[in-house]
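One letter stands for each residue in the lines below.
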Amino acid sequence: MMDIFNMLGGMGQAQNTLGQRLGTSPQQTEAALEAAIPLLLGAMTRNAQDPQGAQALAGALDQHDGRALDLFGQGQAPDPAEGQRILGKVFGGQQQAAAQAVSRRAGIDPQLALQVLSMAAPLVLAYLSRRRQGGQAGGMGGLDIGGVLGGLLGGGMAGTGAG
């Protein structure tokens with residue numbers, strides 16, 4: 001899981017970029033990211049267990065080439081509107097529950113937690129896209145989404161994305 005934080009330029013970089021945008025302390029930002037990123041990955045993993053969900057996630061990864069990571073590394077926070085669209089697909093009607101979970105863990109307002117999730121979502125997709133481009137994909141239908149996500153979360157999903 002630390003790999004995703006390394007790709008974000010380290011937790012310090014993420015704290016600075018998002019904290020400045022949100023007005024949160026470094027500790028709040030760190031706690032919010034440490035709650036938001038596993039929550040996003042877990043929801044994507046659940047969605048990818050269904051063949052239609054896996055196909056939708058593969059389509060989303062096709063649209064996110066990893067550029068958001070490069071821009072983030074230069075100090076530019078992701079577009080929250082794009083993040084909201086991603087959250088709608090990842091969490092469906094459970095966005096507020098996800099924000100509440102991040103809020104409780106980080107000790108921040110739920111609306112602020114929703115903003116953290118909105119900024120983290122494009123970064124997570126960009127990260128997964130980079131991982132997929134790094135050699136885990138065979139062809140259009142050969143991507144094992146479950147294997148990519150399972151590897152990030154500690155295994156258990158390898159092979160479930162075959163279709």
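Residues numbered from 1 in each chain as written. Predicted model: local features only at pLDDT ≥ 70, side-chain atom pairs only at ≥ 80, totals over all residues. Heavy atoms only, no water.

Quick look at the environment of Gly-19
When you line up the elements, Gly-19 lands in helix H2 (residues 10-22). Residues Gly-19 and Val-116, 97 residues apart in the sequence, show an inter-C-alpha distance of 9.4 Å. Here Gly-19 is in contact with Ala-14, Thr-24 and Thr-29, once residues within four sequence places are set aside. (Helix = DSSP H or I, 4+ residues; strand = E, 2+ residues; numbered from the N terminus. Contact = heavy atoms within 4.5 Å.)

Considerations on the confidence of the model for the chain
For the chain, per-residue confidence averages 79 on the pLDDT scale, and 75% of positions sit at 70 or higher. The weakest mean pLDDT in the chain belongs to helix H9 (residues 145-153) at 51; the strongest belongs to helix H7 (residues 95-106) at 95. When the criterion is pLDDT under 50, residues 136-143 qualifies, and its contacts beyond four places in sequence or with other chains add up to 12 contacts. Predicted confidence for residues 153-163 stays below pLDDT 50, and this span has 18 contacts to residues more than four positions away or in other chains. (pLDDT = per-residue confidence, 0-100.)

Quick notes on the nonpolar core
Core analysis: the largest hydrophobic core is formed by 44 residues, its most contacted members being Leu-40, Phe-91 and Leu-117. Going through the elements one at a time, H2, helix H3 (26-48), helix H4 (51-63), helix H5 (67-73), helix H6 (80-91), H7 and helix H8 (110-136) are the ones with two or more residues in this core. (Core = buried A, V, L, I, M, F, W, Y, C linked by side-chain atoms within 4.5 Å. Buried < 20%, exposed > 50% of the residue type's maximum accessible area, 1.4 Å probe, protein only.)

Regarding H6
In a regular helix each residue adds 1.5 Å, so 12 residues correspond to 16 Å; H6 covers 15 Å between its end C-alpha atoms and thus fits that length. Restricting attention to buried positions, one finds in H6 the residues Gly-83, Ile-86, Leu-87, Val-90 and Phe-91. Down the axis, H6 shows its buried residues gathered within 105° of arc, on one side only. For H6, the exposed residues lying more than 90 degrees away from the buried face are Arg-85 and Lys-89. N-capping of H6 is provided by Asp-79, with a side-chain oxygen placed 3.1 Å from the backbone N of Ala-81. (Expected span 1.5 Å × (residues − 1). Arc of directions from axis to C-beta. Polar contact = N/O pair within 3.5 Å; in protein donor to acceptor, adjacent residues only side chain to side chain.)

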